[in-house]
Amino acid sequence: NSVMKCIQDQNGNHVIQKCIECIPVEHLNFVMDSFHNRVYEMASHPYGCRVIQRLLEYCNADQIKSILGEIMINIMTLTYDQYGNYVIQHVLEHGVESDKNLIFNTFTNKIGDLSRHKFASNVIEKCVKEGNAEQRRKLTDEFLLLNPDTGFVQL
């Protein structure tokens, strides 16, 4: 479809992003529909990830429910991805508490590995910045349990 071609284009993605920013959200279904069963593919695409980020910023929860569903079943893979990590960071910044909780819970006992990865470490930084007091406490507790030599949790 022509919307997906624009999303994947170096210049066209900017047009779609501007549509998301300027057109009333109730008229953006043409963009959302183009992502059906392609969210993971587009979240790990250099231009598609930008469009998804705008959708997370501007659309209401009902509109992006299916997009978020596809993001959430791929949390770890997207976190390690050079483009997908930006989408996960955007969920942490703009998402609802239940989505943030799911991300934090997915990262439990993986903070050491995530923190040492080029792209995933950016997501962990966003967790520290965007997490509530309880989420930050759990992150800190896990950091304190890390063996400095191996990076693995000491029990």
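Residues numbered from 1 in each chain as written. Predicted model: local features only at pLDDT ≥ 70, side-chain atom pairs only at ≥ 80, totals over all residues. Heavy atoms only, no water.

## Describing helix H11 (residues 120–130)
Taken together, the buried positions of H11 are occupied by Ala-120, Ser-121, Val-123, Ile-124, Lys-126 and Cys-127. Against the buried residues of H11 lie helix H7 (75–80), helix H8 (84–94), helix H9 (97–107), helix H10 (111–115) and helix H12 (133–145). (Buried < 20%, exposed > 50% of the residue type's maximum accessible area, 1.4 Å probe, protein only. Helix = DSSP H or I, 4+ residues; strand = E, 2+ residues; numbered from the N terminus. Contact = heavy atoms within 4.5 Å.)

## Quick notes on the layout of surface pockets
Here the largest pocket is characterised by a volume of approximately 220 Å³. Around the largest pocket sit 14 residues that line it, and Phe-104, Thr-108, Gln-135, Lys-138 and Leu-139 are the ones nearest its centre. Per element, the largest residue contribution to the lining of the largest pocket is seven residues, and it comes from H12. Of the residues belonging to the lining of the largest pocket, the class tally is five nonpolar, five polar and four charged. By volume, the second largest pocket is sized at about 160 Å³. In terms of lining residues, the second largest pocket is bounded by 13 residues, among which Ala-61, Ile-64, Leu-68, His-94 and Val-96 are the most central. Residue assignment for the lining of the second largest pocket shows that the elements contributing at least two residues are helix H6 (61–72) and H8. Per-element tally for the lining of the second largest pocket: the top contributor is H6, with four residues. (1 Å grid on protein atoms, 1.4 Å probe; cavity = no way out; pocket = protein on both sides within 12 Å on 5 of 7 lines; lining within 4 Å. Points joined across faces, edges and corners; volume = space filled by probe spheres on them. Nonpolar A, V, L, I, M, F, W, Y, C, P; charged D, E, K, R; others polar.)

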